[in-house]
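Fold and geometry: a report
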There are 2 protein chains.
Amino acid sequence: MYKNRIEIIKKHLEVNIPTNVNNKNGIENELFNPIDTNFNVGELKLLIDSVEASKYKDATREFIKNHPKFKENFIGLNMESYRQLVLEQCVAIANSGLIHLTDIKNNLHRYAGAVEMFSYYNNNVCTKLGVHYTLFGGTIMFLGTSRHEKYIEDANTLKTMGCFAMTEIGHGSNVRGIETTAHYDKQTKEFIIHSPTPTSEKFWIGGSYLHATYTTVFANLIIDGTNHGVHAFVVPLRCAKSGSIMNGIHIKDCGHKLGLNGIDNGQIRFTQVRIPRENLLNKYSDVSEDGIYKSQFNTPIKNFAATMAPFIVGRMAITKGCSGAAKTSLSIAIEFSHLRKQFGPTPNNELPLITLSSQQRRLMAPLARTILFDLYIQRLTNELCQPKLPASIHAHCSGIKAVYSWFCVGALQTCREACGGQGYRSANRIAEFKNDCDIVCTYEGDNTVLMQQLAKYLLGLKKKPTTANRIYLDGDDAKSLLFNFANIHQLFETREDIRLAELKQIISNSKESAYSAFNNAIPWAVKLGFAHMTKIVFQNSVDTLKTKNVKPLAHLVMLDALVSIEEDLGWFVSNHLISPNVAQAIPFLIQDLCSEVTKVSKQIIASFDIPENCKPESKDLISDLF
Amino acid sequence: MYKNRIEIIKKHLEVNIPTNVNNKNGIENELFNPIDTNFNVGELKLLIDSVEASKYKDATREFIKNHPKFKENFIGLNMESYRQLVLEQCVAIANSGLIHLTDIKNNLHRYAGAVEMFSYYNNNVCTKLGVHYTLFGGTIMFLGTSRHEKYIEDANTLKTMGCFAMTEIGHGSNVRGIETTAHYDKQTKEFIIHSPTPTSEKFWIGGSYLHATYTTVFANLIIDGTNHGVHAFVVPLRCAKSGSIMNGIHIKDCGHKLGLNGIDNGQIRFTQVRIPRENLLNKYSDVSEDGIYKSQFNTPIKNFAATMAPFIVGRMAITKGCSGAAKTSLSIAIEFSHLRKQFGPTPNNELPLITLSSQQRRLMAPLARTILFDLYIQRLTNELCQPKLPASIHAHCSGIKAVYSWFCVGALQTCREACGGQGYRSANRIAEFKNDCDIVCTYEGDNTVLMQQLAKYLLGLKKKPTTANRIYLDGDDAKSLLFNFANIHQLFETREDIRLAELKQIISNSKESAYSAFNNAIPWAVKLGFAHMTKIVFQNSVDTLKTKNVKPLAHLVMLDALVSIEEDLGWFVSNHLISPNVAQAIPFLIQDLCSEVTKVSKQIIASFDIPENCKPESKDLISDLF
């Protein structure tokens, strides 16, 4: 197989040697000088917060700082008390007016901005908000019609709480395979929601075990034996007044988890549960009283796709949880590293950990990437607010959810280790973020599955690789060649082109079925996904830089670009995009950039403006011990 | 800086092109054929267990299978109950006769083998055993003399439990900087153990908050104002009969942690605690009744080094915890992947996850590395049993502790994600292993610090790189070039040589102080450490293979070698050790090997012979839900 591969590559080897752009006069100029340590932190804060969300974020910061429910301890709480605290925090938020159930459709910047701030504090709150506002609320707003508006008012103030019953024990990623049925009974004009097998029980349903009044249920709509595919229904779980569980509904606790133990995930079995016909969320398809099915789509698969489409907003929102957790954890680790001393030139002259080159390398690279991911999500949020969504939106929401969550898990691990044993102590917060965020890699679409969706989108574009973009970076002055945003862009563009060609070739060379051919290529599809996301995140950063050259953004962009190249350096060199001698310079340039960024690391974390009660009691992580 | 670097590399470019070894007749032969699926699982089990430890491991397996304390639930237990259960498990072990307190000195294979088996079950037990047997027991056995033998009998049956008070709030990795004092009082012939500052309080002392009777304390031995450096003392924490805390001792709970919440870590403050003179562990240095200090060493630093030396055994023992956790978690993830179906060629023909190429790539590579690390630790354990330890032993125990724990954290993350949401459910065990093992990266020596120790050892060897080992792998038949153990060995050898030369050059080129020069080079020191450990682990695997060609070891060795190369592929290609076209073949060869190893993955995990009660209740991770 690899021999074919080499042939493909050889065909791509007609390259353009980059003309020697005089980047020292461009926006790259400042990269050649010592970093400016005297910049406007407020400007950086506004850039990271975004003009659109800034005021909502500040309002949320004030709320977190001042509300008594956000001053309570959650460290080491037992599940029961933790779930109660998180519920009370959500009720407090709902009653604060900071967000509204309709935000998911009408004011996404407000909702997403608030969630990002709450994720500074704790991802349990964000997850419980997400279930109610984006999943339950999103189903009502995007799949319902005027007849479902009645759910909004009480849900908005959390008089009633909603949850979202899609995943089943037997089917997670493959939602189309779910087994729950919704038979239509013409006589009574009702749907009968039923779990026909043990594996069809709904699982992981956040909010369902203790608190939810309603759930939206995804089930196969069946009329007179004909299955019209997966549709969404509103089903009451509990009596809104008494809180008692409705007939035919059985809910079990999903039990203790790696993290998010403040969330009451439940397992739901439906036994012939009757709901009115009107509880079908009928934006795209409906059933008439006498049992006639009508749909805007001519096939179940198209209806299914339309039913699933709104949840891309949820994927974007999830990245906000990663963003807040990463920023708080990095702030904790960086503040600690500035204060904590260990070793030094002499026993009596111990130096702060931040002076260690390894500590700079470990912490500055994720700090840069977090900010650039955030800038990219601002763009995506703006796209999601447009009346007509771009065709790329689904693929890009999936892609950023996957790459941000994988990155976040790695970054939090680094933060934990960078604080030594103190990072292991729950009181110092990183541990909680780490365990809570871990689930993001596999929920709302397993990351590997999402990366395949992205790759399939790219395959489907039928984009022709343009030889104009080919590049080969070679020369004595590696620094000038690399500190050049146009060159980096061409590198990333070329990589994506070759990765795409390669994936196509692997699939088309296969003698197996289409399913097996793609299956054998999944690791290459994932690589293509990374190549694409790296390119567009980088390009968005450079676009931002061109319009707002906020310090020290240029350094962050260049640091992250070189780290991205280093992560795939073997590929760049063996595919003749970067010469060996330029490649050899990269680790040294990264280390130098990390050292420069370290000089402004305190200002950067100050720009996050994280409320003090989101962080450990003491900045040195130990003062609370005395 | 990078330009000098390139010059160094160019000097190394006189290479030997490998002669075309006819590896198809060597031990590599089988790599060119489909994997043998019909091998002797018992033979593989004996290889992984080791001849020396096999019978002890089997006895421990039986004990775990049958003892009621190992059938109790620990999932989601509160800290108090968890700590009590772990104590009771340790008492059961101590009374079983499976291990003895003196094993750490006299029968290391027995102790290490048992710990590895207990780590199949849960790392809390192993950690509590480790504190008592290797740290407390080790201090008594290696630093004490006949006058301390009196502690052994009761400690062996856990009538008394010991702990180990080295780390302080202000000093973890830099043990030489600890502040606790042990003033000698000539009048009463006592030492006075004292915590002079808040930062001098002992911290993380496992076993101290609830259960330990004694602790060994590391403190500065001071006579008449002269500080003779860090020495170890036995200090009673509690009355052996009543259990009440001794005068002058104050112990606080370290609180909730990311993991290991079954361990009662404590924070200890000593206020003028008087102990008899004989409680100084006096193997190397002693104080006479009238206060004369005598040492086998002429400087405090040499005495310090000798005092620390025994704890290298602890570093080896820690890797056993990683080994068990990795093997159980991989077994869980692999069994699940064979059973769990999701997606397939048609909606009604879903296939097991293990058929996904991505799942094979994710799980087979860590499976191979775990086994090869285990084989290397067998070698290290044998070295540790020799009367005269090799000069390399400290560096290699530090190195394997660092690389195994970093690897383990990554592997457990992979296992968690490979099981999707089910990996997040505590009942399925991986979550607990993941959180418990996380601390290994930073305790018993922070990994980054240990890698520096290894690099300093290698720098100190003053080894001359031999041009005879230089290699450049180039040619059309990448498979034959790579499926050749001699070539791989030369690649790893050459990398270490160049990495070593590079580190020397970076340090010697620096115009800064010796401290800063090394500090700026830490990331390169870590890289050198990885290069060295990869080489010796590989070489040990090939040595094993030459004497015992147990199936499917050859495949595992080759898979892991290619994965190691891929992890540093940019370096290999840009340093002209591997040609671009050979490099391009590597991901394809890895995928093919993963696919081959997958065919025997069930047999491999069967060879671990993991007691059923170490694993989730149901192999498909979901059957317990119905």
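All residue numbers refer to position in the chain's written sequence, counted from 1. Chains carry letters from A onward and ligands carry numbers from 1 onward, assigned in written order. For a predicted model such as this one, the threshold for reporting local features is a pLDDT of at least 70, and the threshold for listing and counting side-chain atom pairs is 80 or more; totals across whole chains, interfaces and linings nevertheless cover every residue. The basis for the side-chain values is all heavy atoms of the structure; hydrogens and waters are excluded.

1. Let's talk about the UniProt feature "active site" (unreviewed entry) in chain A
Residues and elements named next belong to chain A. Our working definition: UniProt positions are given in the numbering used here, feature names are shortened, and annotations may be inferred rather than shown by experiment. Only runs of H or I of at least four residues qualify as helices and only runs of E of at least two qualify as strands under DSSP, and these elements are numbered from the N terminus. Residues count as neighbours in contact if any of their non-hydrogen atoms are within 4.5 Å of one another.
Taken from the UniProt record, the annotation "active site" (unreviewed entry) applies to Glu444. Among the secondary structure elements, Glu444 is positioned in the loop between α13 (430-438) and α14 (447-460). Once you skip the residues sitting within four places of it in the chain, Glu444 turns out to touch Leu135, Phe311, Gly314, Arg315, Ile318, Lys401 and Leu450.

2. Overview of the interface of chain B and chain A
Rule in force here: As used here, buried area is the combined drop in accessible area, with a 1.4 Å probe, of two parts when they are placed together. The term salt bridge refers to a side-chain nitrogen of Lys or Arg lying within 4 Å of a carboxyl oxygen of Asp or Glu. What qualifies as a polar contact is a pair of N or O atoms within 3.5 Å, subject to a donor-acceptor requirement within protein and to the restriction that residues adjacent in sequence count only when both atoms come from side chains. Under the grouping applied here, Gly and all other residues not named as nonpolar or charged are polar, the nonpolar ones being Ala, Val, Leu, Ile, Met, Phe, Trp, Tyr, Cys and Pro and the charged ones Asp, Glu, Lys and Arg.
The partner chain A presents 92 residues to the 93 residues of chain B that form the contact. Of the roughly 7600 Å² buried where chain B meets chain A, counting both sides, 60% is carbon and sulfur surface. Along the contact surface separating chain B from chain A lie 4 salt bridges. The closest approach of N and O atoms between Asp438(B) and Arg416(A), which form a salt bridge, is 2.6 Å. Inspection of the region where chain B meets chain A yields 44 residue pairs in polar contact (both at pLDDT 80 or more). A per-element tally of the side of chain B that touches chain A places helix α21 (residues 580-599) of chain B first, with 9 residues. Its residues assigned to classes, the side of chain B that touches chain A shows 42 nonpolar, 32 polar and 19 charged.

3. So, the side chain of Asp374(B)
Within the secondary structure, Asp374(B) is located in helix α11 (residues 357-384). Only 2.7 Å separates the side chain of Asp374(B) from the side chain of Lys327(B), close enough to count as a polar contact.

4. Topic: the UniProt feature "domain: Acyl-CoA oxidase C-alpha1" (unreviewed entry) in chain A
The sites that UniProt annotates as "domain: Acyl-CoA oxidase C-alpha1" (unreviewed entry) are residues 312-459 of chain A. Structurally, residues 312-459 of chain A is divided into 70% helix and 0% strand, and its ends, taken at the C-alpha atoms, are 20 Å apart.

5. A word on the domain arrangement of chain A
All names here are of chain A. For clarity, the threshold we go by: A domain assignment, automatic or from a database, supplies the domain bounds used here.
Examined at the domain level, chain A breaks down into domain 1 (2-42 + 311-614), domain 2 (51-156) and domain 3 (162-299). Measuring from the centre of the C-alpha atoms in domain 2 to the corresponding centre in domain 3 gives 24 Å. Listed by partner, the interface residues are 23 residues for domain 2 and 32 residues for domain 3. Overall, the association of domain 2 and domain 3 removes approximately 2300 Å² of surface from exposure, summing both partners, and the carbon and sulfur fraction of that is 62%.

6. Some words on the sheet that holds strand β8 (residues 266-270) of chain A
Backbone hydrogen bonds are what pair the strands of a sheet, in a parallel or an antiparallel way. Residue and element names in this part refer to chain A. To keep things clear, this is the line we draw: The pairing criterion for strands is at least two bridges between them, as found by DSSP. Axes, fitted as lines to C-alpha atoms, cover a helix only where it is in contact. Angles between the N-to-C directions of the axes lie from 0 to 180 degrees.
Taking strand neighbours across the sheet as the criterion, the 3 strands line up as β4-β8-β7 in an open arrangement whose pairing is antiparallel. Pairing within the sheet leaves two strands with one partner each, and these edge strands are β4 (202-205) and β7 (249-253). Each strand axis lies, on average, 25° off the axis of its neighbour in the sheet, ignoring direction. In the sheet, β7 pairs with β8 via 5 bridges, with the strands oriented antiparallel. Bridge pairing links Ile249 to Phe270 in β8.

7. Here we look at the packing of aromatic side chains
Residue and element names in this part refer to chain B. Using the following cut-off: Ring pairs shown here join Phe, Tyr and Trp side chains whose ring centres sit within 6.5 Å, with only the six-membered ring taken for Trp; geometry is labelled stacked below 30 degrees between planes, edge-to-face above 60, and tilted in between. Relative accessibility thresholds used throughout: buried, under 20% of the residue-type maximum; exposed, over 50%; partly exposed, between the two (1.4 Å probe, protein chains only).
Overall, the coordinates contain 50 aromatic pairs over all chains when judged by the stated rule. Ring centres of Tyr404 and Phe407 lie 6.1 Å apart, and the angle between their planes is 40°; this geometry places the pair in the tilted category. Taken together, the residues Tyr404 and Phe407, both in helix α12 (residues 393-418) and 3 residues apart, mark about one turn of the helix. An identical accessibility class is assigned to Tyr404 and Phe407; each is buried. Here the aromatic rings of Phe492 and Phe538 are separated by 5.4 Å at their centres, their planes lie at 85°, and the arrangement is edge-to-face.

8. Brief notes about the packing of helix α12 (residues 393-418) of chain A against α13(A)
Residues and elements named next belong to chain A. We count it as follows: Our angle categories are set so that under 35 degrees counts as roughly parallel, over 145 as roughly antiparallel, 65 to 115 as roughly perpendicular, and the remainder as oblique. Helix crossings are classified by the rotation of the near helix relative to the far one: an anticlockwise turn of less than a right angle makes the crossing left-handed, while a clockwise turn makes it right-handed.
Between α12 and α13, whose axes approach to 9 Å, the crossing angle comes to 160°. Here α12 lies roughly antiparallel to α13, going by the angle between them. As α12 packs across α13, the resulting crossing turns out to be left-handed. For the pair formed by α12 and α13, the contact residues are Cys408, Val409, Leu412, Gln413, Cys415 and Arg416 on the first element and Ile430, Phe433, Lys434, Cys437 and Asp438 on the second. Residues that form the contact of α12 with α13 fall into these classes: 7 nonpolar, 1 polar and 3 charged.

9. Some details on the sheet that holds strand β7 (residues 249-253) of chain B
All names here are of chain B. Ordered in space as β4-β8-β7, the 3 strands form an open sheet in which the pairing is antiparallel. Because the sheet does not close on itself, it has two edges, and the strands there are β4 (202-205) and β7. For this sheet the average axis-to-axis angle between neighbouring strands, irrespective of direction, equals 25°.

10. Here we look at the relation of the copies chain B and chain A
Just so we agree on the cut-off: Superposing copies: least-squares fit, C-alpha atoms only, residues required to have pLDDT of at least 70 in both.
With an RMSD of 0.0 Å, the operation that places chain B on chain A is a rotation of 180° combined with a shift of 0.0 Å along the axis. Expressed as an axis order, the relation between the two copies is that of a two-fold axis. Across chain B, the smallest distance between a C-alpha and the rotation axis is recorded for Gly570(B), namely 1.7 Å. Here 99% of the interface residues in chain B have copies in chain A that are interface residues too; the copies meet face to matching face.

11. What to know about the pattern of salt bridges
Scanning the model with the defined rule gives 82 salt bridges over all chains in all. Here Glu62(B) and Lys65(B) are joined by a salt bridge, their closest N and O atoms 3.3 Å apart. Here Glu62(B) and its partner Lys65(B) are both found in helix α3 (residues 54-66), 3 residues apart, which amounts to about one turn of the helix. The partly exposed category is assigned to Glu62(B), whose relative accessible area is 41%. The partly exposed category is assigned to Lys65(B), whose relative accessible area is 33%. Overlapping salt bridges, with partners in common, bring together Lys45(A), Asp49(A), Lys57(A), Asp58(A), Arg61(A), Glu116(A), Lys320(A), Lys327(A), Asp374(A) and Asp609(A) in one network.

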